[in-house]
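# Observations on chain architecture
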Amino acid sequence: MRVPVLAGNWKMYMTPTESQSMIDQLIPLIEDLQNRKVVLCPPYTSLSVLSKAIEGSPIQLGAQNMYPVDEGAFTGEVSPKMLQALQCSYVIIGHSERRQYFGETDSSVAEKTLKALQYNLTPIVCVGETLEQREEKLTEPTIEIQIRKGLAPLVAGQFEKVIIAYEPVWAIGTGRTASPEDAQDVCAFIRTIVASIAGDEAQKVPILYGGSVKPENIKELMSQPDIDGALVGGASLKAESFARIVRFEEQ
Ligand SMILES: O=C(CO)COP(=O)(O)O
């Protein structure tokens, strides 16, 4: 009932020319696939190139961040209206790198999530614990606070339009993946929290796992009942490895 979502977060990689070349290689490798949502989130500077390149393909476009105001004197920022005009249908909100390096908080996540929905952008709301929090057995309370505060302004009917990505900070870019069982446990916990806020809508919310996802581990992750997809960093930069992830192909 929940269609698998495979989203690539390109972070601060790929020039427009490199983006064009990657997408030209990727489309033929995945265009026959049914029953998948495939999303690419390039840097802002590649959105224009990709918005043309994905036309007629099954790939959808997302941004990595946005500023929650329609327009205005906010030097260096990009608004949801601008993303919408570039065919974006998704936007990553509150990635741990945004929280760590750019001061994003649960309240900025809440504001951005609400604004994204007003522009028909599907927010991919990121949550996850640090290594210290995990070692102190604070994974669940940390994530519960991130979700309750991040989704605080939403009302009935809006929750099912949100995607949540569980990205343990210690697993990002480190080659250390949470075991499928650990990832499942946290994703099931996330669904319980969402259900306590949003009732039955929680069953419709895709919950993705992110953190060192690669072709070698995607199949086992996807076999877990509460993992509905993946948010992929490094392995989404190469057409071949991302195509294998999208296809759940280990080899
Ligand atoms: O942060 C991530 C995706 O948003 C995960 O990055 P890696 O897949 O490179 O670990």
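Residues numbered from 1 in each chain as written. Predicted model: local features only at pLDDT ≥ 70, side-chain atom pairs only at ≥ 80, totals over all residues. Heavy atoms only, no water.

### What to know about the sheet that holds strand β3 (residues 59–63)
One closed barrel accounts for eight strands, arranged β1-β2-β3-β4-β5-β6-β7-β8; its pairing is parallel. In this sheet, adjacent strand axes meet at a mean angle of 25 degrees when their direction is disregarded. Examined bridge by bridge, strand β6 (residues 163–166) and strand β7 (residues 207–210) share three bridges and lie parallel to one another. Across the sheet, Ala165 pairs through a bridge with Leu208, a residue of β7. Here helix α8 (residues 180–198) sits on the sheet and contacts β5 (122–127), β6 and β7; the angle it forms with β6, its principal contact strand, is near 145 degrees. (Pairing = 2+ DSSP bridges. Helix = DSSP H or I, 4+ residues; strand = E, 2+ residues; numbered from the N terminus. Axes fitted to C-alpha atoms, helices over the stretch in contact; angles between N-to-C directions. Contact = heavy atoms within 4.5 Å.)

### Focus on the packing of aromatic side chains
Between two aromatic rings, the relevant description is the distance of the centres plus the angle of the planes. Under the defined criterion, the tally for this structure stands at three aromatic pairs. Judged by centre distance (4.9 Å) and plane angle (40 degrees), the ring pair of Tyr67 and Phe74 falls under tilted. For the pair Tyr101 and Phe102, a centre-to-centre distance of 6.4 Å together with 80 degrees between the ring planes defines the contact as edge-to-face. Like Tyr101, the residue Phe102 is exposed in the burial classification. Lying across the ring of Phe248, Arg36 places its NZ or CZ 3.8 Å from the centre. (Phe/Tyr/Trp six-rings, centres within 6.5 Å; stacked < 30°, edge-to-face > 60°. Buried < 20%, exposed > 50% of the residue type's maximum accessible area, 1.4 Å probe, protein only. Lys NZ or Arg CZ within 6 Å of the ring centre and 35° of its normal.)

### Some thoughts on the pattern of salt bridges
Pairing of side chains with opposite charge becomes possible as their charged atoms draw close. Throughout the structure, instances matching the rule amount to 18 salt bridges. Among the ionic pairs, Glu104 bridges to Lys112, the shortest N-O distance being 2.7 Å. Residue Asp182 pairs with Arg134 through a salt bridge whose shortest N-O separation is 3.6 Å. In this pair, Asp182 is assigned in helix α8 and Arg134 in helix α6 (residues 131–135), connecting sequence segments 48 residues apart. What makes Asp182 partly exposed here is its relative accessible area of 34%. One continuous salt-bridge network, built from bridges that share partners, spans Arg2, Arg191, Asp226 and Asp228. (Salt bridge = Lys/Arg side-chain N within 4 Å of Asp/Glu carboxyl O.)

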